[in-house]
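Coordinates in review
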Amino acid sequence: MNLTVSPVLKDLFGDSFLIGGALNNAQIAGQDPTALEILTRQFNAISPENALKWDAIHPEPARFDFALADRYVALGQALGAFVVGHVLVWHQQTPGWVFEGEAGAALNRDTLLARMRSHIQTVVGRYRGKIHGWDVVNEALEDDGTWRQSPWYVTLGEEYVAHAFEFAREADPDAQLYYNDYNLWKPAKRDAAARLVTSLRSRGIRVGAVGEQGHWLLDDPPADVIEAMIVTFEKLGLKTVITELDVDPLPRPEWLDGADVSKHVEFKTALDPYAKGLPDAVQRQLAKRYADVFRVFVKHRRALGRVTFWGVTDADTWLNDWPVHGRTNHALLWDREGQPKPSFDAVVETARRASAAP
Ligand code: XIL
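As a starting point, this report considers the structure included with it. (Residues numbered from 1 in each chain as written. Predicted model: local features only at pLDDT ≥ 70, side-chain atom pairs only at ≥ 80, totals over all residues. Heavy atoms only, no water.)

**Examining the overall build of the protein**
- Summing up its helical and strand segments, the protein has 12 helices and nine strands in all.
- For a compact globule of 358 residues, the expected C-alpha radius of gyration is about 21 Å, and the protein comes in at 20 Å, within 12% of that figure.
- Structurally, the protein occupies a C-alpha span of about 60 × 45 × 45 Å along its principal axes.
- Across the 358 residues that make up the protein, the buried fraction comes to 58%.
- Long-range contacts, defined as pairs at least 24 residues apart, comprise 78% of the intrachain contacts of the protein with a sequence gap of at least 6.
- Counting every atom, the protein has about 14,600 Å² of accessible surface; 50% of that belongs to carbon and sulfur. (Helix = DSSP H or I, 4+ residues; strand = E, 2+ residues; numbered from the N terminus. Rg over C-alpha atoms; globule rule 2.2 N^0.38 Å. Buried < 20%, exposed > 50% of the residue type's maximum accessible area, 1.4 Å probe, protein only. Contact = heavy atoms within 4.5 Å. Areas by Shrake-Rupley, 256 points an atom, 1.4 Å probe, with all protein chains shown as cover.)

Written out as structure tokens, the structure is:
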């Protein structure tokens, strides 16, 4: 295919919101020319799928490994893209030592807080002015709106979120700082996130936006529920960013509707129905779903800062391996060969209709 004749998402949405893609480690290392070509042409924002997570960048107490993260940031600069940092404080992909006490003792508040501070100061400080927005805290809430009992919460209490934002702000006064989570469209979780951010702001902490990951299914959450989430945050004067968008068309147990990376389901052929390709009917359903969610995005463009896809092509969507390992997923806008899918056309068409509307 000649990519130069295909429409360009970042131009179509240019006046509305940033449009981004997440890069895996091979892409950051320059080993995936197809994905990089799509990225360069189509997107004006990038996120790192794994390269800036604590276990990648700070594997041991006194050892940071910035090699891949430096390449990621340099790539973003070369592209002139908005560069996102993901993620500072999370309970996943964080090495065990972070949550262990000193020399056999139980973990205490001061130790954990000091580790959080030095991690954030070092990482955010290194990329000050180069990483433009940070997911500061990821997944602090449960779907019912209660606090997730992570080691951060159990050791430091609710205050851990405020501390993380303060440390990040000290290290980069100008970066956008986000609270990020999945299933924020669920009213109880949405309202808990709204209360959390309101309480941070009442203490003078600047929150740039709320990040909804956006790992969604073919029919869930309904478009009007996504809309209600964006409007809820907008009424508080808060922007929403969609930070990890994909639409999973594969079968999924009903209890697994979020993106909890610790949840797994054993592989069965019945759970991998489209290994030989997506049937036309499902391809059309996926395209319609993308059109529906982008219709909501353009309608509320003033309340949206960015929409980032969690991957570039279907060859490397994380949904090939989560929640079931080794499946063939079809969640993104480009197929395994890097060809645009009907879903890409549907997103383009939605943008064009919106700009033609009075
Ligand atoms: C995922 C990555 O895409 C995978 O490569 C990795 O194995 C697990 O994490 N929510 C998040 C992301 O905030 O960091 C997760 O990324 C997907 C769910």
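**Looking at the nonpolar core**
- In terms of nonpolar packing, the biggest core is built from 106 residues, with Y160, F294 and F297 touching the most fellow members.
- Ranked by size, the runner-up nonpolar core spans 12 residues in total, among them A259, L271, W310 and W322. (Core = buried A, V, L, I, M, F, W, Y, C linked by side-chain atoms within 4.5 Å.)

**Topic: the pairing of strand β6 (residues 209-212)**
- Covered by surrounding structure in β6 are A209 and G211 together with V210 and E212, the residues of both alternating faces.
- Bridging between strand β5 (residues 176-181) and β6 involves four bridges; their strand directions are parallel. Its bridge partner lying in β6, D181 is registered against E212.
- This β-α-β element, β5 to helix α9 (residues 187-202) to β6, shows right-handed connectivity.
- As judged from the three bridges shared by β6 and strand β8 (residues 240-248), these two strands associate in the parallel manner. Its bridge partner being in β8, G211 is matched across the sheet by V241. (Pairing = 2+ DSSP bridges. Right-handed = clockwise from strand over helix to strand, strands pointing away.)

**A short note on the packing of helix α10 (residues 223-235) against helix α11 (residues 280-299)**
- Two numbers describe how α10 lies on α11: the axes approach to 10 Å, and their chain directions differ by 25°. Judged by the inter-axis angle, α10 sits roughly parallel to α11. Here α10 runs over α11; the crossing is right-handed. Counting all contacts with α10, which are made through A223, I226, E227 and I230, the residues of α11 involved are R289, D292, V293, V296, F297 and K299.
- Across the contact of α10 with α11, the residue classes tally to six nonpolar, no polar and four charged. (Axes fitted to C-alpha atoms, helices over the stretch in contact; angles between N-to-C directions. Parallel < 35°, antiparallel > 145°, perpendicular 65-115°, else oblique. Left-handed = near helix turned anticlockwise from the far one by under 90°. Nonpolar A, V, L, I, M, F, W, Y, C, P; charged D, E, K, R; others polar.)

**As for the site of the ligand**
- Near the ligand you find 15 residues, and of these E49, N50, K53, H86 and E244 are the closest.
- Within the side chain of H86, a nitrogen or oxygen atom sits 2.7 Å from an oxygen atom of the ligand.
- The contact in question runs from an oxygen atom of the ligand to an N or O atom on the side chain of N138, over 3.0 Å.
- Here the ligand loses 84% of its free accessible area of 410 Å² to cover by the protein chains.
- Residue classes in the shell around the ligand are distributed as five nonpolar, six polar and four charged. (Near = heavy atom within 4 Å. Polar contact = N/O pair within 3.5 Å; in protein donor to acceptor, adjacent residues only side chain to side chain.)

**As for the environment of E349**
- For E349, the location among the structural elements is in helix α12 (residues 342-356).
- Remark: the alpha-carbon pair of E349 and F294, spanning 55 residues in sequence, is separated by 9.9 Å.

**Here we look at helix α5 (residues 67-79)**
- In this model α5 runs 19 Å from its N-terminal to its C-terminal C-alpha over 13 residues, within 8% of the 18 Å that 1.5 Å per residue would give.
- Among all positions in α5, only A69, Y72, V73, L75 and G76 are buried. Within α5, the buried residues cover an arc of 155° as seen down the axis, which keeps them to one side. Exposed residues lying more than 90 degrees from the buried face of α5 are A67 and A78.
- The secondary structure elements touched by the buried residues of α5 are β1 (18-23), α2 (25-28), α3 (33-42), β2 (45-48), α4 (54-57) and β3 (82-89). (Expected span 1.5 Å × (residues − 1). Arc of directions from axis to C-beta.)

**Description of α10**
- Here α10 contains 13 residues, and its C-alpha end-to-end distance of 18 Å stays within 8% of the 18 Å for a straight helix at 1.5 Å per residue.
- Every buried residue of α10 is listed here: I226, E227, M229, I230, T232 and F233.
- The elements touched by buried residues of α10 are α9, β6, β7 (215-217), β8, α11 and β9 (304-309).
- Once α10 finishes, G237 follows within two positions and takes phi at roughly 80°, a positive value.

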